[in-house]
Amino acid sequence: ECFREIIGMQEVNFNLKPSPLAFKEVTRRYPGENEVYFCDDAIENLDEAARHGWKTIWYNPTANRLAEAGGHKVIRSLSGLPASSSLPPPNMGSP
């Protein structure tokens, strides 16, 4: 399993990203968590997550270069998510 929890807008009291309140609510839910990964397709959301000390991954299917953009890791496919972090590969089950 790659994720402990997927957090939607209802879990952050409808404070939508990039509002700092959304990120603060997640931090409040997981005090002392030292490794929070945030994957998004919007740079402004990634920048806010980085300000909260989170590790950020930019989902950009049209990226020509898979290096880092503005300090954010870049992936072109969500299948690249585990490789860009210390997350284990997803368990996709048997075909």
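Worth saying up front: this structure is predicted, and the values here are computed from it rather than measured.

Before going further, it helps to spend a moment on the pattern of salt bridges. Following the criterion strictly, the structure yields four salt bridges and no others. As a salt-bridge pair, Arg 28 and Glu 25 come within 2.5 Å of each other at their nearest N and O atoms. Linking Arg 28 with Glu 25, this pair stays in helix 1 (residues 20-29), spanning three residues, or about one helical turn. On the basis of relative accessibility, which here comes to 11%, the residue Glu 25 falls in the buried class. In this structure, Glu 35 engages Lys 55 in a salt bridge whose closest nitrogen and oxygen atoms are separated by 3.2 Å. Of this pair, Glu 35 sits in the loop between helix 1 and strand 1 (37-40) while Lys 55 sits in strand 2 (residues 55-59), and the two are 20 residues apart along the sequence. What makes Glu 35 partly exposed here is its relative accessible area of 36%.

Further remarks concern helix 1. Among the residues of helix 1, those classed as buried are Ala 22, Phe 23, Glu 25 and Val 26. Each buried residue of helix 1 lies within a common arc of 155 degrees when the element is viewed along its axis, so the set occupies one face. In the core, the buried residues of helix 1 are packed alongside strand 1 and helix 2 (43-51).

Analysis parameters
Per chain, the residues get numbers from 1 upward, laid out in the order the sequence is written. Confidence filtering applies because this is a predicted model: local features only for residues at pLDDT of at least 70, side-chain atom pairs given and counted only at 80 or more, and all residues used for totals across whole chains, interfaces and linings. Side-chain descriptors were evaluated using all non-hydrogen atoms of the structure, hydrogens and water having been removed beforehand. Salt bridges, as used here, are contacts in which a Lys or Arg side-chain nitrogen is within 4 Å of a carboxyl oxygen on Asp or Glu. The numbering of helices and of strands both runs from the N terminus, where a helix is a DSSP run of H or I of at least 4 residues and a strand a run of E of at least 2. For each residue, the accessible area found with a 1.4 Å probe, counting protein chains only, is set against the maximum for its type, and the residue is called buried under 20%, exposed over 50%, and partly exposed in between. It is the directions from the helix axis to the C-beta atoms whose arc is reported. It only takes one pair of heavy atoms within 4.5 Å for two residues to be counted as in contact.

So far we have only geometry, and geometry alone does not tell us how the molecule works.
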